[in-house]
Amino acid sequence: MGLKGRDLISIRDLSREDIEEVLRASRRMLPLAVGGKVNRGLAGWVLTLAFFEPSTRTRLSFETAMLRLGGACVTIADPASSSTKKGESLHDTTRILSGYGDAIVLRHPNEGAARLAAMASDKPVINAGDGAGQHPSQTLIDLATMHEAFGTLTGLKVVLLGDLKFGRTAHSLAHALGVFGAELVLSSPPSLALPEEVREHLDQVGAKVSDADQLHQAIRDADVLYVTRIQRERFGDDREYQKVAGSYRIDNAVLAGAKDRLIVMHPLPRMGEIAPEVDGSPHAAYFRQAALGVPVRMALLSLMLTGKAG
Ligand code: CP
């Protein structure tokens, strides 16, 4: 049915065919994303970025994607400078924004906020992170990174390491990898395990999921090590965060027994989960992953706004 005019709230909103279409289109966008070629496919279109939580990659790569395609952006980057500070509801804010630009990219601390915004908006809404919920465009980037490295997603063995309770990127990615027939190995501090609801859903889509007994062994067998930070901002009590802070760290010694082809990914920002020494290793893929945010979001915006890309 194509992506034109649709919302993207959860990765579950996309079929396997939808995702494959975005990944194909993002490969066509690669030369445009670095300015090697010019395409003004979104000239005249305006994207509204409404960010009620901090962001570097998501907001600026959406903005870059729009500008690379000749479009324009209007932005709430600091909620304190918007009328939400005066108490305006998310419903009203979204309804107003939908009267301005052609699509809305929303980041919000509350799980479910993007779905609520989509109901208030008559323009497409992209969820750029709703609390501990979902971050579907990050998942498209993650899949593009893996596809670029391996040429396929099917059959990959992916270790998800870190805060699997609050980490929205992990929730979205686990679903997509399940749909594509990758094998998931989970490793987290016990108090930050993948929520039961997400796990049950993975069973429903037939995903192959196991728990890592030994992280070292799991890394030795893996094609992808996907690391996430502990989401300190989601803890009600910072003392609970302190109990798990620093409980895992990837460095070159940990990676010593890994396959040559292993890639280490991280949605970033990192808070010490990956030692800087790994940056120089052939396994490090997280900066490439962040850079792919531009072509993937160029593809996504083109398909959602115009129904075609490139
Ligand atoms: N990966 C990601 O969502 O990064 P930002 O929080 O910087 O947008």
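Please read all numbers here as calculations on a predicted model, not as lab measurements. (Residues numbered from 1 in each chain as written. Predicted model: local features only at pLDDT ≥ 70, side-chain atom pairs only at ≥ 80, totals over all residues. Heavy atoms only, no water.)

**A few points about the site of the ligand**
Using the following cut-off: When we say a residue is near a molecule or strand, we mean one of its heavy atoms is within 4 Å of it. Contacts described as polar in this section are N or O atom pairs within 3.5 Å, which, within protein, must combine one atom able to donate a hydrogen with one able to accept it, while residues neighboring in sequence count only if both atoms come from side chains. All accessible areas in this document rest on Shrake-Rupley with a 1.4 Å probe, and a residue is counted as covered only by the protein chains that are shown. All amino acids are sorted into three groups, where Ala, Val, Leu, Ile, Met, Phe, Trp, Tyr, Cys and Pro are nonpolar, Asp, Glu, Lys and Arg are charged, and the leftover types, Gly among them, are polar.
Around the ligand sit Ser-55, Thr-56, Arg-57, Thr-58, Arg-107, His-135, Gln-138, Pro-267 and Leu-268, and that is every residue in its neighbourhood. Between His-135 and the ligand, the recorded distance is 3.0 Å, taken from a side-chain N or O atom to an oxygen atom. A distance of 3.2 Å separates a nitrogen atom of the ligand from a polar atom in the backbone of Leu-268. Within the complex, 91% of the 250 Å² of free accessible area of the ligand lies under protein. Grouping the amino acids of the shell around the ligand by side-chain chemistry returns 2 nonpolar, 5 polar and 2 charged.

**Notes on the packing of helix H2 (residues 57–68) against helix H11 (residues 293–306)**
Selection criterion: Here an angle of 0 to 180 degrees is reported between the N-to-C directions of two axes, which are lines fitted to C-alpha atoms, with helices fitted over the stretch in contact. By definition, any uninterrupted DSSP run of H or I lasting at least four residues is a helix, any uninterrupted run of E lasting at least two residues is a strand, and each is numbered from the N terminus. Two helices that cross are described as forming a left-handed crossing if the nearer one is turned anticlockwise from the farther one by less than a right angle, and a right-handed crossing if clockwise. Contacts between residues were defined by any pair of non-hydrogen atoms, one from each residue, lying within 4.5 Å.
Axis separation between H2 and H11 bottoms out at 8 Å; the angle between their running directions is 60 degrees. Taken as a pair, H2 and H11 cross one another with a handedness that is right-handed. Within the contact between the two elements, H2 uses Arg-57, Thr-58, Ser-61, Phe-62, Thr-64, Ala-65, Met-66 and Arg-68 and H11 uses Gly-293, Val-294, Arg-297, Met-298, Leu-300, Leu-301 and Leu-305. Of the residues belonging to the contact of H2 with H11, the class tally is 8 nonpolar, 4 polar and 3 charged.

**Let's talk about the sheet that holds strand E3 (residues 103–108)**
Threshold: Whether two strands pair depends on DSSP finding at least two bridges between them.
Ordered by their spatial adjacency, 4 strands build an open sheet running E2-E1-E3-E4, and the pairing between neighbours is parallel. Edge positions in the sheet fall to strand E2 (72–76) and strand E4 (125–130), since each has one partner strand and no second. Between one strand axis and the next, the sheet turns through 15 degrees on average, direction left out of account. Packing of H2 onto the sheet brings it into contact with strand E1 (46–51), E2, E3 and E4, and relative to E1 it is tilted by some 175 degrees. In the packing of helix H3 (residues 90–97) onto the sheet, the strands contacted are E1, E2 and E3, and the crossing angle to E3 comes to about 155 degrees.

**Considering the pattern of salt bridges**
To keep things clear, this is the line we draw: The salt bridge criterion pairs a side-chain nitrogen of Lys or Arg with a carboxyl oxygen of Asp or Glu, the two atoms within 4 Å. Only protein chains enter the accessibility calculation, which uses a 1.4 Å probe; a residue is then buried when its area is under 20% of its type maximum, exposed when over 50%, and partly exposed in between.
Scanning all chains against the criterion turns up 18 salt bridges. Linking Glu-53 and Arg-168 is a salt bridge whose minimum nitrogen-to-oxygen distance equals 3.3 Å. With Glu-53 in the loop between E1 and H2 and Arg-168 in helix H6 (residues 168–179), this residue pair connects regions lying 115 residues apart in the sequence. You'll find Glu-53 and Arg-168 in the same group, each marked buried. A salt bridge links Glu-53 to Arg-234; the shortest N-O distance between them is 2.9 Å. Here Arg-234 lies in the loop between strand E8 (224–227) and helix H9 (238–244) and Glu-53 lies in the loop between E1 and H2, a separation of 181 residues in the sequence. With respect to class, Glu-53 is no different from Arg-234; both count as buried.

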